[in-house]
Amino acid sequence: MPIIAVVDPDMMASMPKGLTASTGMDALTHAIEGYTTKAAWEMTDMFHLKAIEIISKSLRSAVANEKEGRDGMALGQYIAGMGFSNVGLGIAHSMAHTLGAVYDTPHGVACAMMLPIVMEYNQECTGEKYREIARAMGVKGVDEMSVDEYRKAAIDAVRQLSVDVGIPTKLDAIKEDDLQFLAESAHEDACAPGNPKDASVEDLKDLFRKIM
């Protein structure tokens, strides 16, 4: 972990849209996985919910290269880092690490593709947390929703943000013959144990299939 980090949004102004989108979705994945990981607790929940709120408000604007969006993303990704560096992540990251290693997929793109899929997989093990994720992402009326409704609303909000900033939903490079190695690698990744729902190699293969 760094002793000092200098976070200057002006330094990010020349980043192309695709890089802004992918790194922004990586930051959102940090916040959501950190919020739902097995090790999450009150202090890190505070960081992660605020990060989700700021990132969801700022990323579209940052991709449009607006100063307000850049400033928001600089703050949001930093707050997310303050949270997840204390509690770890989950299988969206372990799967993204594997996709990056095997196919050279940009890390944030891989995270963005896997995040809503993993959220669907994890939802039964997250209590009421998806209601707060949906609220932080600006979804209205969450207190009147059923558990199934607010969980779907949170997942849909994440998926829509990813689409809005231009992240693809499929990775054509994946082949059925690759799945065993991909799943075994993701299963052994350091992030996997923190996932709120345990995932077997077969579970991970099924999740990878959803982006084929």
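What counts, and at which threshold
- Residues numbered from 1 in each chain as written.
- Predicted model: local features only at pLDDT ≥ 70, side-chain atom pairs only at ≥ 80, totals over all residues.
- Heavy atoms only, no water.
- Helix = DSSP H or I, 4+ residues; strand = E, 2+ residues; numbered from the N terminus.
- Contact = heavy atoms within 4.5 Å.
- Polar contact = N/O pair within 3.5 Å; in protein donor to acceptor, adjacent residues only side chain to side chain.
- Buried < 20%, exposed > 50% of the residue type's maximum accessible area, 1.4 Å probe, protein only.
- Phe/Tyr/Trp six-rings, centres within 6.5 Å; stacked < 30°, edge-to-face > 60°.
- Lys NZ or Arg CZ within 6 Å of the ring centre and 35° of its normal.
- Core = buried A, V, L, I, M, F, W, Y, C linked by side-chain atoms within 4.5 Å.
- Salt bridge = Lys/Arg side-chain N within 4 Å of Asp/Glu carboxyl O.

> Now, about the environment of Lys 170: what can you tell me, with residues and values included?
Within the element layout of this structure, Lys 170 appears in the loop between α7 (147–164) and α8 (179–188). C-alpha separation for the pair Lys 170 and Lys 210, spaced 40 residues apart in sequence, amounts to 8.0 Å. Setting aside residues up to four positions removed in sequence, Lys 170 forms contacts with Met 113, Lys 210, Ile 211 and Met 212. For Lys 170, the side chain forms a polar contact with the main-chain oxygen of Lys 210, separated by 2.8 Å.

> Which residues make up the side chain of His 30, and what values do they have?
Inspection of the secondary structure puts His 30 in helix α1 (residues 17–36). Residue classification places His 30 among the buried positions, given a relative accessible area of 14%.

> Could you give an account of the packing of aromatic side chains, with specific residues and numbers?
Applying the stated criterion to the full structure yields zero aromatic pairs. Between the NZ or CZ atom of Lys 129 and the centre of the ring of Tyr 35, over which it lies, the distance is 4.4 Å. One cation-aromatic arrangement involves Lys 197 over Tyr 121; the distance from NZ or CZ to the ring centre is 4.2 Å.

> Kindly report on the nonpolar core, identifying the contributing residues and their values.
Ranked by size, the top nonpolar core spans 61 residues in total, and within it Leu 28, Leu 99, Met 119 and Ile 133 carry the most contacts. The dominant element in this core, judged by the number of residues it contributes, is helix α5 (residues 107–122), at eleven residues. Contacts of Ile 133, omitting those with residues within four sequence positions, involve Ile 32, Tyr 35, Thr 36, Leu 49, Ile 52, Met 119 and Ala 154.

> Account for the pattern of salt bridges, with residues named and values stated.
For the structure on display, the rule yields 16 salt bridges. With a shortest N-O distance of 2.6 Å, Asp 156 and Lys 152 are connected by a salt bridge. Here Lys 152 and Asp 156 lie together in helix α7, a separation of four residues that amounts to about one turn. Judged by its relative accessible area of 32%, Asp 156 falls in the partly exposed class. Here Glu 202 makes a salt bridge to Lys 205, at a shortest N to O gap of 3.5 Å. Taken together, the residues span about one helical turn, with Glu 202 and Lys 205 both in helix α9 (residues 201–209) at a distance of three residues. Overall, the relative accessible area of 45% leaves Glu 202 in the partly exposed class.

> Please set out the environment of Ala 31 residue by residue, giving values where relevant.
Following the sequence through the fold, Ala 31 ends up in helix α1. Residue classification places Ala 31 among the buried residues on the basis of a relative accessible area of 0%. Not counting chain neighbours up to four residues away, the residues in contact with Ala 31 comprise His 48, Ala 51, Ile 52 and Ala 80.

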